[in-house]
Structure formats: structure tokens, C-alpha cells
Amino acid sequence: MMDERTETRAEAFRDRTTGASVELPYAGIDTFLKSEIRSPSDVEGADAAVLGVPYDGAVSNRPGARYGPGAIREASAWWAYLSGYKGGLTNMRTGRTVDFDALDLVDCGDVPVFPMDRETTAESITAHVATVAAQGTMPVLLGGDHYCTFPSVTGFVEGVDADRVGVVQIDAHTDTVAESPVFGEHFHGSSTHHVADSAFCDYEHVAQVGIRGYESPAFFEFAEETGLSLYTGADIEERGIAPVIEEAVDSVSEGADAVYVTFDIDAVDPSVAPGTGTPEPGGLSAAEALTVMEVLGARTEVGAVDLMEVAPTYDPTEGTQRLAAYLLVTFLERQFAA
């Protein structure tokens, strides 16, 4: 047995070799931002904890979001490398100095999923998000299809013991279908319906940003009757993304104990982010999407965030997962490191 008091050859090499402490972005274990691996039960004191959900059993169009968490983690390594290599960073969009060492981020790996059992998968998501949130740590969920947001919000509410939660949804689609003759009551097009129909939320505490394409007949009337705060792609073109997002948070935070943010990558135009299951033309630009996260990251009401529907196999350029990672890095920067 090796004497614990003796420096190993590996330690000696690292001590004497310049650059040995710098981990290249394509090396090492793929955690988000190269963060420390922790059990979901051992995150107390951390600012945020990442949880992956490699599940796409509730999609209605193209599968593949099960590969999203791994792809996003891998892409995030670039910013961890830059920060370590340069000894800190300057955000050239905002002019802010960023100290990622001030961000206490941990990665709890992926929650157990059951590809043929949506109900047990949902229970797993709820349990793991609740466990993280109960320790005062922000859950950061990597999807997975958008149905996973419903059990995640449920777990967040349970973990922080909230009576009422507001939800800001960045998305191309409303996900307000109560029931489908093909997919039933529980699929990725029903997640917002279930959140708004719960004991801890209602449509008056839901704001949807970036909605476009086609929805059900009389949907505008539905939004007005239910109190849903609806901001379409046309609203963003007319008013600009920053004031829309600020207003969205204001609208759902009144009377709520906390705000949950869910970002479906198909909110971004498919010319920028084609790696998703249900792309819709006319979406956000990359710059607009980053502005969304800059604004949301500065809001103290936000207590949890997810990023869903990244399906990397549809994007051979790897640009979709790269943008997804950058969006979360931007959000976490503004929350904890800027």
C-alpha cells in the first residue's frame, strides 16, 4: 500500500509542470462547467446544482432530446476552460468582469429515467429537484423533452415549500393542450396546462415569451380569459426582447413565492438552433436569447431554471448545444458571478 505521506509521481508531475492544472475543454469528465460531482443529497451551500434528464418519451414529433444533457455538458466545457486559462473573463457583450470562481456550482449527474414509464420518470424528476431545492440550492435542469418541466416545477415547489410559484416560459409553443387523442393527457405539449392546473399555480402566474407558428382556434381569447401573459414573436419584434422579459417576470412574480424559468431551445430560430424536435421558423436570434438570460439572471425572484428540447443529432454543427450551454452560463454568470 502506498504511503499516504509520500507525494505520488502524478502529484509530483503536476506540481512541477506548468499548465498541468489547465484542463482542456475536450478532456476530463463532462460535468457542466467542469463543476464538482455531488450527490443530490449533498448540495447544501452550493449556489446551484445541475441535474440532467435524458428522457424524450413524451415527444410528439422528432425524438432525440434524451441526448441533450450530455451534449450541453460537453459544450459548457469551453467556458470553464477559458475561465481557468485566462484567470477570469470579461463579458464582451456586457462589459462586466466575470469571476466564475465565485460561482459555487455542482453537478449531480442525471436523474434515473425509465424510457417506457413516464409516470415513474416524472416521480424521479420531482424527487431529485425537491431534494436539491430543499437545501437552499438552485436547481438547474438539463432536458430532455418539455414534459419534464411539469414534474420539475412540482419538485421545486415541494422543496422550497412554496404556496404559489410563477412560471416564465420561453418557447415557440404554448404547451397548453389538456388532452390529445393520440398522446393522451401527459406529453410535451401538455406541460404548461398541468402546471397551470395545479394547486400551486394558475394561468395568471404564467408568462409565455416567443410563441409563434400555429395554436388552437381562439387562443388569444383563451389567454385573455385565463389571465395568461402572452408575448408572441410579433410582440418581441415590435417592443424588443428586454422589456418583454422584464414585464413577463413582473407579471408572474406578483403574489408568488418564487419564479421558475423554463427555456425550450425551439424558442430560438432553427437557422441558429436546428437541433430540436419541433422547430418553428421565425424565432429568437442568438443575441435575443442571450439577452433573455441576462435579464432573467439579474432577477432575484428566479429560484430555478431549466433548458429543454435540445436534440443534438439534428445539428451536425453542434451549434444548438453550444448555444444552450452559453445561455445557462450567461444566466448563472448574472445570478452568481458578475
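Each value, and the rule that gives it
- Residues numbered from 1 in each chain as written.
- Predicted model: local features only at pLDDT ≥ 70, side-chain atom pairs only at ≥ 80, totals over all residues.
- Heavy atoms only, no water.
- Pairing = 2+ DSSP bridges.
- Helix = DSSP H or I, 4+ residues; strand = E, 2+ residues; numbered from the N terminus.
- Contact = heavy atoms within 4.5 Å.
- Axes fitted to C-alpha atoms, helices over the stretch in contact; angles between N-to-C directions.
- Buried < 20%, exposed > 50% of the residue type's maximum accessible area, 1.4 Å probe, protein only.
- Right-handed = clockwise from strand over helix to strand, strands pointing away.

Per an unreviewed UniProt entry, the recorded name for the chain is Agmatinase, and the organism is Salinigranum rubrum.

1. Observations regarding the sheet that holds strand β7 (residues 165–170)
The strand order across the open sheet formed by nine strands is β1-β5-β2-β6-β11-β10-β7-β8-β9, and the pairing between neighbours is parallel. Only two strands of the sheet have a single neighbouring strand rather than two, namely β1 (36–37) and β9 (229–232). Pairing geometry for β7 and strand β10 (residues 258–264), over six bridges, is parallel. Looking at the pairing, valine 167 lines up with tyrosine 260 of β10. Contacting β2 (48–53) and β6 (138–143), helix α3 (residues 118–133) runs over the sheet at an angle of about 150° to β6.

2. Regarding the pairing of strand β11 (residues 302–308)
With respect to burial, β11 is a largely interior element, seven of its seven residues being buried. Here three bridges tie β6 to β11, and the two strands are oriented parallel to one another. What sits directly across from leucine 142, in β11, is leucine 307. In this region the chain leaves β10, passes through helix α9 (residues 286–297) and returns to the parallel neighbour β11; the handedness of that crossover is right-handed.

3. Quick look at the pairing of β2
Summarising burial for β2: six of the six residues are buried, a large majority. Going residue by residue along β2, you find Ala48, Val50 and Gly52 tucked away on one face and Ala49, Leu51 and Val53 tucked away on the opposite face as well. Note that β2 and strand β5 (residues 105–110) share four bridges and pair parallel. In the strand pairing of β5, alanine 49 is matched with valine 106. Pairing of β2 with β6, which is carried by six bridges, proceeds in the parallel orientation. The residue bridging valine 50 from the neighbouring strand is valine 140, located in β6.

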